[in-house]
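Letter by letter, the chains look like this.
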Amino acid sequence: MKHGSSRASTLIEALPYLQRFAGQTIVIKYGGNAMVEEQLKSDFAMDITLLKQVGINPVIVHGGGPQIGQVLAQVGKEAEFIHGMRVTDSETMDVVEMVLAGKVNKEIVANINRAGGKAVGLSGKDGGLICARKLDMKKNAPELDVPEIIDLGHVGQVYKIHTGILELLEKDRFVPVIAPVGYDKAAGQSYNINADLVASAIAQALGAEKLILLTDVEGVLDKDKKLCSSFTTETAQAWMADGTISGGMIPKVNCCLDAVAHGVSRAHIIDGRVSHAVLLEMFTDEGVGTVFTAL
């Protein structure tokens, strides 16, 4: 009897969240171990299928760095990174596009469809979804009067998001699964773009209720390495200034802050190593990571 009561309590706990998020758009950046471990991949696909079934509109943006690295190694091409950004020459860009828009994207689509969902794979080229420009990285050079420009090749930044194709898919109850490959129509160039940045830009363009970044850490930790469950923009900026938030967490936090500053109600960094992390964040009081709000 207790077991049945516990299950009912779980459903009742989810009820206000189901009501609140019905009809809302949730943009999820999918990456890390959740894209590698078979059980976690299956769990994620079921989470997305359930979200769509209860009237929520999930939009998936995925990464694929490890998979790109594996294929580059197979063709004998050495990967090069500068400040965490992959240097992407023309040959590497061909591999990036093949792996992201081909292998990885279609595997995610197949997993969601196998779970009973209706997913469609896209890259930024489809429907002019992700308009990109070349990213010029600048480095301070004391010996020069101006910052040094570092050429990363086919690495881009989001210039504009055209949401038309996403709106059509939503109307027909499809789940978009997006590879972060952008296109500059004027230059005729494809660009590799950081998936977190693409997810944040799409969330802003769609006026999403939530942006969720799946990672391989609990969330944002304080100086004592304990999880901080919520942040305002002011507190997050202070923690970055004093070094509490550092390293690879800084660009993720900045993606979240940019999203909530431009119309996204809440942004989350959650632990994708946790089974059914998306559902736990969406439908439980406790959640599984860190949430950012504008105020």
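Because the structure is a prediction, the values reported are computed rather than measured.

**Q** Help me understand the side chain of Thr 25 in this model?
**A** Structurally, the position occupied by Thr 25 is in strand 1 (residues 25-30). Thr 25 gets classed as buried once you look at its relative accessible area, which sits at 11%. Other than its neighbours up to four places away in sequence, Thr 25 contacts Asn 57, Val 59, Glu 170, Leu 206, Ala 208, Glu 209 and Lys 210.

**Q** In this structure, what is going on with the packing of aromatic side chains? I would like to understand it.
**A** In this description, a pair of aromatic rings is defined by centroid distance and the angle of the planes. Under the definition given, this model contains four aromatic pairs. Measuring from centroid to centroid gives 5.5 Å for Phe 231 and Phe 292, while their planes differ by 10 degrees, and the two rings are stacked. With Phe 231 in strand 12 (residues 230-232) and Phe 292 in strand 14 (residues 289-293), the pair connects residues that are 61 residues apart, well separated along the chain. Each member of the pair Phe 231 and Phe 292 is classed as buried. Taken together through their ring pairs, the aromatic side chains of Phe 231, Trp 239 and Phe 292 make up a single cluster.

**Q** What is the right way to read helix 2 (residues 38-53) from this model?
**A** It helps to recall that an α-helix has 3.6 residues per turn; residues three or four apart then point in one direction. Here helix 2 is 16 residues long and its end C-alpha atoms lie 23 Å apart, about the 22 Å a rise of 1.5 Å per residue gives. Turning to helix 2, its buried residues number three or more, namely Leu 40, Lys 41, Asp 43, Phe 44, Ala 45, Asp 47, Ile 48, Thr 49, Leu 51 and Lys 52. Positioned one or two residues after helix 2, Gly 55 has a phi angle of 95 degrees, which is positive.

**Q** I keep staring at the packing of helix 6 (residues 195-206) against helix 8 (residues 249-261) and nothing clicks. Help me out?
**A** A pair of packed helices is characterised by two quantities: the angle between their axes and the separation of those axes. Contact pair helix 6 / helix 8: the axes reach a minimum separation of 9 Å and the direction vectors enclose 10 degrees. Between helix 6 and helix 8, the interaxial angle falls into the category roughly parallel. Residues Asp 196, Leu 197, Ser 200 and Gln 204 of helix 6 lie in contact with helix 8, whose contacting residues are Lys 252, Cys 255, Asp 258 and Ala 259. For the contact of helix 6 with helix 8, a count of residues per class yields three nonpolar, two polar and three charged.

**Q** Explanation requested: the sheet that holds strand 12 in the structure shown.
**A** Strand order across the open sheet formed by eight strands is 5-8-2-1-11-13-14-12, with mixed pairing between neighbours. Of all the strands in the sheet, just strand 5 (119-123) and strand 12 have a single pairing partner and so form its edges. Between one strand axis and the next, the sheet turns through 20 degrees on average, direction left out of account. Two elements, strand 5 and strand 8 (residues 175-179), share five bridges in a ladder whose sense is parallel. Residue Gly 121 lies in a different strand from strand 8, and its bridge partner there is Val 177. Strands strand 1, strand 2 (57-62), strand 5 and strand 8 of the sheet are contacted by helix 4 (residues 90-114), whose axis makes an angle of about 165 degrees with strand 5. Strands strand 12 and strand 14 of the sheet are contacted by helix 7 (residues 233-241), whose axis makes an angle of about 95 degrees with strand 12.

**Q** Can you help me understand the pattern of salt bridges in this one?
**A** Opposite charge on two side chains permits pairing when their charged atoms draw close. Scanning the model with the defined rule gives 10 salt bridges in all. Here Lys 29 makes a salt bridge to Asp 196, at a shortest N to O gap of 3.2 Å. Of this pair, Lys 29 sits in strand 1 while Asp 196 is found in helix 6, placing the two residues 167 residues apart along the sequence. By the burial criterion, Lys 29 is buried, and Asp 196 matches it.

**Q** Looking at this model, I keep getting lost on helix 8. Mind explaining?
**A** Helix length check: helix 8 (13 residues) gives 18 Å between terminal C-alpha atoms against 18 Å at 1.5 Å per residue, within 8%. Tucked inside the fold, the buried residues of helix 8 contact strand 1, helix 6, strand 11 (210-215), helix 7, strand 13 (266-271) and strand 14. Positive phi shows up at Gly 263, right after helix 8, with a value of about 100 degrees.

Conventions we followed
- Residues numbered from 1 in each chain as written.
- Predicted model: local features only at pLDDT ≥ 70, side-chain atom pairs only at ≥ 80, totals over all residues.
- Heavy atoms only, no water.
- Helix = DSSP H or I, 4+ residues; strand = E, 2+ residues; numbered from the N terminus.
- Buried < 20%, exposed > 50% of the residue type's maximum accessible area, 1.4 Å probe, protein only.
- Contact = heavy atoms within 4.5 Å.
- Phe/Tyr/Trp six-rings, centres within 6.5 Å; stacked < 30°, edge-to-face > 60°.
- Expected span 1.5 Å × (residues − 1).
- Axes fitted to C-alpha atoms, helices over the stretch in contact; angles between N-to-C directions.
- Parallel < 35°, antiparallel > 145°, perpendicular 65-115°, else oblique.
- Nonpolar A, V, L, I, M, F, W, Y, C, P; charged D, E, K, R; others polar.
- Pairing = 2+ DSSP bridges.
- Salt bridge = Lys/Arg side-chain N within 4 Å of Asp/Glu carboxyl O.

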